[in-house]
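Observations on chain architecture
So the chains spell out like this:
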Amino acid sequence: MSNDLVSLGIEGLGLNLNPKNIVDLELFLQEMGRWNQVHNLTAIEGEKNSVRLHLIDSITVLPLMRQFLDLKNPKIADLGSGGGLPAIPIAILQPEWHVTLIEAIRKKTAFLQHVRGKLGLKNIQVLSERVEAVAKSQPGQFDAVISRAFTNLAHFLELSLPLLKSDGLVFAMKAKRADEELQDVCMDDWRLVADEPLQIPNLAVERRLLVLSPVRKLPL
């Protein structure tokens, strides 16, 4: 895979990546492509689509996440990690962040564990469990929760709430037209902190990132 192809999209995001970042991102995509032939990790195949739709889509959220997660060593949970998106690219580019990948399908968690070892990603944890089970074992442990194409927004927020610290944030990666999903969210329970458009460089696919915080109800 050429550095030019990855760099082309990444340069458009305004992120400063070192050579090791590029190598690790490419190796991740190579391993995903290799495993995908056998285990069907993702429906998108082909080098160009993989780079643009998977990797670039996943790291478009980073500038905004960095803005909101101005913490030392924040803990982030990726719900329904699948093939490791957006968690693996985020973990590669933010080695000081602790990222927990929650995925119930074992063939996918086997791949995630493989990538963790292959890339030496000491800042990630892979849990082969349902989100509800993790919420019971690690309640209120995370500064942020994120997902990419996991479930509808209202359900995602419902699953996220038990995992979050009192000042935690939810980062929901959505297609441009997510207004219907927003209408299903009870805004007495959640505050919309940000609603930012995300543009994938050199590709006519529009995304948006919704950032929400829970409105904690005080006990009577």
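Scroll up a little and you will see the structure.
Since we're looking at a predicted model, the values are computed, not measured. (Residues numbered from 1 in each chain as written. Predicted model: local features only at pLDDT ≥ 70, side-chain atom pairs only at ≥ 80, totals over all residues. Heavy atoms only, no water.)

Our focus in this paragraph is the sheet that holds strand β6 (residues 190-199). Read across the open sheet, the seven strands follow the order β3-β2-β1-β4-β5-β7-β6; overall the sheet is mixed. In this open sheet, the two edge strands, each paired with only one partner strand, are β3 (124-127) and β6. When the angles between neighbouring strand axes are averaged without regard to direction, this sheet yields 20 degrees. Two elements, β6 and strand β7 (residues 206-214), share nine bridges in a ladder whose sense is antiparallel. Across the sheet, residue R191 finds its bridge partner in β7, namely S213. Along the sheet, helix α6 (residues 106-119) contacts β2 (98-102) and β3; its crossing angle with β3, the most-contacted strand, is approximately 160 degrees. Packed onto the sheet, helix α8 (residues 153-160) meets β1 (75-79), β4 (142-148), β5 (164-175), β6 and β7 and runs at close to 155 degrees relative to β5. (Pairing = 2+ DSSP bridges. Helix = DSSP H or I, 4+ residues; strand = E, 2+ residues; numbered from the N terminus. Axes fitted to C-alpha atoms, helices over the stretch in contact; angles between N-to-C directions. Contact = heavy atoms within 4.5 Å.)

It is possible for side chains bearing opposite charge to pair when their charged atoms get close. With the rule as written, the count across this model stands at nine salt bridges. Ionic pairing is found between D24 and K20, a salt bridge with its closest N-O pair at 2.6 Å. Here the residue D24 and the residue K20 both occupy positions in helix α2 (residues 19-39), the gap between them amounting to four residues, near one helical turn. Taking the relative accessible area as the measure of exposure, D24 reaches 11% and is therefore buried. Residue K20 is classed as exposed on the basis of its relative accessible area of 51%. The salt bridge partner of D195 is R208, with a shortest N-O separation of 2.5 Å. Of this pair, D195 sits in strand β6 while R208 sits in strand β7, and the two are 13 residues apart along the sequence. Residue class for D195 comes out partly exposed when judged on its relative accessible area of 33%. (Salt bridge = Lys/Arg side-chain N within 4 Å of Asp/Glu carboxyl O. Buried < 20%, exposed > 50% of the residue type's maximum accessible area, 1.4 Å probe, protein only.)

What is shown is where atoms sit, not what they do.
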